[in-house]
Amino acid sequence: MFLRESWYVAAWGVDLAEAGGILAKTIAGEPIVIWRDADGGLHAMEDRCPHRHAPLSRGRVEGNRLRCMYHGMTFNADGRCQSMPLLDTPPNVAVRTYPVVEKYDWLWIWMGDACKADQSLIPAAHGISNPGRPMRHNSIEYEAHYQLVHDNLCDLSHVDFLHATTLQPATGANWSETAPRIQSKDRAVRFERWFEEAQLPGDPTQRVDVWNSYEFAVPGIFIMYGARFPAGTARACNRKEPVGIAPIVENIEQQAVTPISATHTAYHYATGLVGSTDEMTARLAQRMDVIMAAFVEDRDMIEAQQRIWNLTPANKKTLFLPQDKGPFMMRRMMEKFIASE
Ligand code: FES
């Protein structure tokens, strides 16, 4: 079951350029082609030619049309057939089109009723093209249901164990023993916490207070902001959000979970460490390989978890522990939106 009336991240904007302007994606079980016309216009449509169901993503852009490269039918940006060899009048057929926009360096696609595609529903993200706030990005796929990936992102207590040699030392924080404050918003669950007297990575002698906050928004958008401050800052802020205080190091993340099907999920992620000086930011860049490795650790565990779920009877109970509060709230929120459709 998928949420339809929502903006999904289809890909990074740079992926489309690297693919030559035509990109094939399957989102929530629907084959989609995303393409740019000769004027730079961005379009998304059903990746299925009405003639013999060949993928239009194997086609060719010709001006403001996309040509099916099996037998030559052409389509305009509205999805309407414009021409077919041997026919004086093109057949009265069209493929479905989808609203698509590029924002925060992601390509967002609306999978529901196009009349309801409100761009103000796109959650704010950092973007990866700001040279002053560099991020590393990638996309991977999981052989797992998207809800298991949501669970993972809504309970970061696993950092201490699953990422014991990667993220945990990179953050210097104690994730499993520090419960976040969790708050439900209209279309997101917000998590925030302070890690007090944490280690400053690279200098275990220095203690810092680490602020970490993130929102996980429907249908699977994770936007994180973290910052390290001199020890004592958390207490000075009454353990609330630090506003107007210059951090030593910031960490920024934007990640998106997009269902491909009921058994496969795409994951588009970017992460960055920003120092208070350019020299520090350059030094932090050397730590990024370690952080990027953590995303593969998540995938390995979640795919292994999915294989066990596949062998588990539906009536076999799981435990509900304090760590499960965030995943539970996110599941309820998704269920509510899906039910409303
Ligand atoms: Fe596209 Fe035949 S399948 S024109």
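The following refers to the structure shown. (Residues numbered from 1 in each chain as written. Predicted model: local features only at pLDDT ≥ 70, side-chain atom pairs only at ≥ 80, totals over all residues. Heavy atoms only, no water.)

## Examining the packing of helix H2 (residues 146–153) against helix H7 (residues 288–310)
Our working rule: Only the contacting stretch of a helix is used when fitting its axis, a line to C-alpha atoms as for every element, and angles between N-to-C directions run 0 to 180 degrees. Only runs of H or I of at least four residues qualify as helices and only runs of E of at least two qualify as strands under DSSP, and these elements are numbered from the N terminus. With respect to orientation, any angle under 35 degrees is reported as roughly parallel, any angle over 145 as roughly antiparallel, any angle of 65 to 115 as roughly perpendicular, and every other angle as oblique. By convention, the crossing between two helices is left-handed when the near helix turns anticlockwise from the far helix through less than a right angle, and right-handed when the turn is clockwise. The contact rule is simple, with two residues in contact once any of their heavy atoms fall within 4.5 Å.
Where H2 contacts H7, the two axes come as close as 10 Å, and the packing angle between them is 130 degrees. Classified by the angle their axes make, H2 and H7 are oblique. In this structure, H2 meets H7 at a crossing whose hand is right-handed. Contacts from Leu148, Val149 and Asn152 in H2 reach Asp298, Ile302, Gln305, Gln306 and Trp309 in H7.

## Notes on the pattern of salt bridges
In plain terms, the rule: When a carboxyl oxygen of Asp or Glu is within 4 Å of a side-chain nitrogen of Lys or Arg, the pair counts as a salt bridge. Remark: exposure states derive from per-residue accessible area (1.4 Å probe, protein chains only) relative to the maximum for the residue type, with buried under 20%, exposed over 50%, and partly exposed in between.
Under the criterion given, the structure shown has 17 salt bridges. As a salt-bridge pair, Glu5 and Lys116 come within 4.0 Å of each other at their nearest N and O atoms. Of this pair, Glu5 sits in the segment before strand E1 (7–12) while Lys116 sits in the loop between strand E11 (106–110) and strand E12 (136–142); the two residues are 111 residues apart in sequence, bridging distant segments of the chain. Residue Arg133 pairs with Glu250 through a salt bridge whose shortest N-O separation is 3.3 Å. With Arg133 in the loop between E11 and E12 and Glu250 in strand E17 (residues 249–259), this residue pair connects regions lying 117 residues apart in the sequence. Overall, Arg133 belongs to the partly exposed group, its relative accessible area being 26%. Salt bridges linked by common partners bring Arg181, Lys185, Arg190, Glu192, Glu215 and Glu241 together as one network.

## A word on H2
The element H2 is largely enclosed, with a buried count of eight among its eight residues. All of the buried residues in H2 are Tyr146, Gln147, Leu148, Val149, His150, Asp151, Asn152 and Leu153.

## Section: H7
The test is simple: To estimate how far a helix should extend, the number of its residues minus one is multiplied by 1.5 Å.
Here H7 contains 23 residues, and its C-alpha end-to-end distance of 34 Å stays within 8% of the 33 Å for a straight helix at 1.5 Å per residue. Taken as a whole, H7 has its buried residues at Met288, Ile291, Met292, Ala294, Phe295, Asp298, Ile302, Glu303 and Gln306.

## Focus: the packing of H2 against helix H8 (residues 325–340)
Definition in use: Residue polarity follows a fixed list, in which Ala, Val, Leu, Ile, Met, Phe, Trp, Tyr, Cys and Pro are nonpolar, Asp, Glu, Lys and Arg are charged, and the others, Gly among them, are polar.
Direction vectors running N to C along H2 and H8 enclose 135 degrees, while the axes themselves pass 8 Å from each other. One way to sum up the angle between H2 and H8 is to call them oblique. The hand of the H2/H8 crossing is right-handed. Side by side, H2 and H8 meet where Tyr146, Gln147, Leu148, His150 and Asp151 of the first sit next to Pro327, Met330, Arg331, Met334 and Ile338 of the second. Grouping the amino acids of the contact of H2 with H8 by side-chain chemistry returns six nonpolar, two polar and two charged.

## Concerning the sheet that holds strand E4 (residues 42–46)
Put simply, the rule reads: Pairing between strands is defined by DSSP: at least two bridges between the two strands are required.
Here we have four strands laid out as an open sheet, ordered E2-E3-E4-E9, and antiparallel in their pairing. In this open sheet, the two edge strands, each paired with only one partner strand, are strand E2 (22–27) and strand E9 (97–98). In terms of strand pairing, E4 meets E9 through two bridges, oriented antiparallel. Bridge pairing in E9 places Ala44 opposite Tyr98.

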